[in-house]
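# Observations on chain architecture
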Amino acid sequence: MTATINGVAAPLPFSNLDTDQIMPKQFLRIIDKAGLDRGLLHDLRFDAAGAPRPDFVLNQPAYAGASIVVAGPNFGCGSSREHAVWGLQQFGIRAVIAPSFGEIFYFNAVNNGLLLISLAPAEIDALLARVSNTATNRVGIDVAAGRVTAADGWTAAFTLPERHRRMYVQGQDMVGASLQQLDEVERFEARHWARHPWMKDLARRVRDRLDREAV
């Protein structure tokens, strides 16, 4: 991970774009994450015959290779499917900028390194107007400085919880962030067992007792 993202930004000015639309259910029947980019926004990108819809933004040449999405409020609401985050990432999306996000989607994104930025509705409207113009559809994001910059120099500030900002900059998921506190975890564990020694290995001791009784 790096602390900056610079790339084409695609406008998706829809309110309440839910995870069922972001990743339709027929693309969930897999045993791994592979191929989810094909399902991303499938019913918006393709018609009933499977042909690309030329008027949809992600099918337009000016937005090819987009790495940023600028969206409407409550992006990622709906079901908790983590596949929505994976599909966005596989498609090449590294950040989504919106007024607000579905809560479960937000934390799925944080845990998988997809950057989510909240801006005020008026700022989103200003940014959408810029990225809807193919001449000004590039956006820069400085995560460390907390700033979004449009191609014409327009800027907006954003904040992230410090832990989330650090996780993104360092390329960590929740497990990686927790392992940085391993010494503290081990000290807590030692204090816990010292206070409650009868609980240590309780499941193993019960299983051993049941095994002996069964003989």
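All residue numbers here refer to positions counted from 1 along the written sequence of the relevant chain. The model is predicted, so local features are restricted to residues of pLDDT at least 70 and side-chain atom pairs to those at 80 or more, both for listing and for counting; the totals for chains, interfaces and linings are taken over all residues. With hydrogens and water stripped out, all remaining heavy atoms of the structure feed into the side-chain values.

So, about the overall build of the protein. Counting from the N terminus, the helices are the DSSP runs of H or I reaching at least four residues and the strands are the DSSP runs of E reaching at least two. Each helix and strand in the protein was counted, giving 9 helices and 7 strands. For the radius of gyration, the atoms used are the C-alpha atoms, and the globule rule reads 2.2 Å times the number of residues raised to 0.38. Computed over its C-alpha atoms, the radius of gyration of the protein comes to 22 Å, more than 25% above the 17 Å expected for a compact globule of 215 residues. By principal-axis analysis of the C-alpha atoms, the protein measures approximately 75 × 45 × 25 Å. A 1.4 Å probe rolled over the protein chains alone gives each residue an accessible area, and that area as a share of the maximum for its type sets the label: buried under 20%, exposed over 50%, partly exposed in between. Taking all 215 residues of the protein together, the buried fraction comes to 39%. For accessible areas, the Shrake-Rupley method is used with a probe of radius 1.4 Å. Any residue's cover is judged against the shown protein chains and nothing else. As presented, the protein carries roughly 11700 Å² of accessible surface, and 55% of it is formed by carbon and sulfur atoms.

One face of the sheet, then the other: side chains in a regular strand alternate in exactly this way. Here, any two strands with at least 2 DSSP bridges between them count as paired. Relative to strand β5 (residues 138-142), strand β1 (residues 4-12) runs antiparallel, the two sharing 5 bridges. Bridged to isoleucine 5 within β5 is isoleucine 141. Two strands pair when backbone bridges link them, and β5 and strand β6 (residues 147-150) are joined in this way by 4 bridges, in the antiparallel orientation. Within the sheet, the bridge partner assigned to valine 139 lies in β6 and is alanine 150. Counting the residues that bridge the hairpin from β5 to β6 gives 4 residues, and of these glycine 146 lies at a positive phi of roughly 65°.

UniProt positions are given in the numbering used here, feature names are shortened, and annotations may be inferred rather than shown by experiment. According to UniProt, the "domain: Aconitase A/isopropylmalate dehydratase small subunit swivel" (unreviewed entry) feature falls on residues 4-120. With 23% helix and 18% strand, the stretch residues 4-120 has end C-alpha atoms that lie 21 Å from each other.

Another point: the packing of aromatic side chains. Stacked, edge-to-face and tilted are the three classes for Phe, Tyr and Trp ring pairs, Trp counted by its six-membered ring, which pair at centre distances within 6.5 Å; planes under 30 degrees apart are stacked, over 60 edge-to-face, the rest tilted. The full count for this structure, using the stated rule, is 4 aromatic pairs. Aromatic ring contacts, followed pair by pair, group Phe75, Phe101, Phe105, Tyr106 and Phe107 into a single cluster.

Note: domain ranges come from an automatic or database domain assignment. Per the domain assignment, the segments of the protein are domain 1 (4-171) and domain 2 (175-214). Taken over C-alpha atoms, the centre of domain 1 sits 41 Å from the centre of domain 2.

For the rest of this paragraph, the subject is the sheet that holds β5. The strands that make up a sheet are held in pairs by hydrogen bonds between backbone atoms, and each pair lies either parallel or antiparallel. Taken in spatial order, the 7 strands of this open sheet run β4-β3-β2-β1-β5-β6-β7, and their pairing is mixed. The open sheet has two free edges, formed respectively by β4 (115-118) and β7 (155-157), since each of these has just one partner strand. Adjacent strand axes in the sheet meet at a mean angle of 25° when their direction is disregarded. Between two residues, a contact is recorded if the distance between any of their heavy atoms is within 4.5 Å. Note on geometry: axes are C-alpha line fits, over the in-contact stretch for helices, and angles between N-to-C directions span 0 to 180 degrees. Seen against the sheet, helix α5 (residues 121-131) touches β1, β2 (68-71), β3 (95-98), β5, β6 and β7 and runs at an angle of roughly 125° to β2.

Here, a salt bridge means any Lys or Arg side-chain nitrogen found within 4 Å of an Asp or Glu carboxyl oxygen. This structure, assessed with the given rule, holds 7 salt bridges. For aspartate 201, the salt bridge identified is with arginine 204, shortest N-O distance 3.7 Å. Look at arginine 204 and you get partly exposed, because its relative accessible area is 38%. A salt bridge links arginine 204 to aspartate 208; its shortest N-O distance comes to 3.1 Å. Of this pair, arginine 204 and aspartate 208 are both found in helix α9 (residues 202-214), 4 residues apart, which corresponds to roughly one turn of the helix. On the accessibility criterion, aspartate 208 (26% relative accessible area) is partly exposed.

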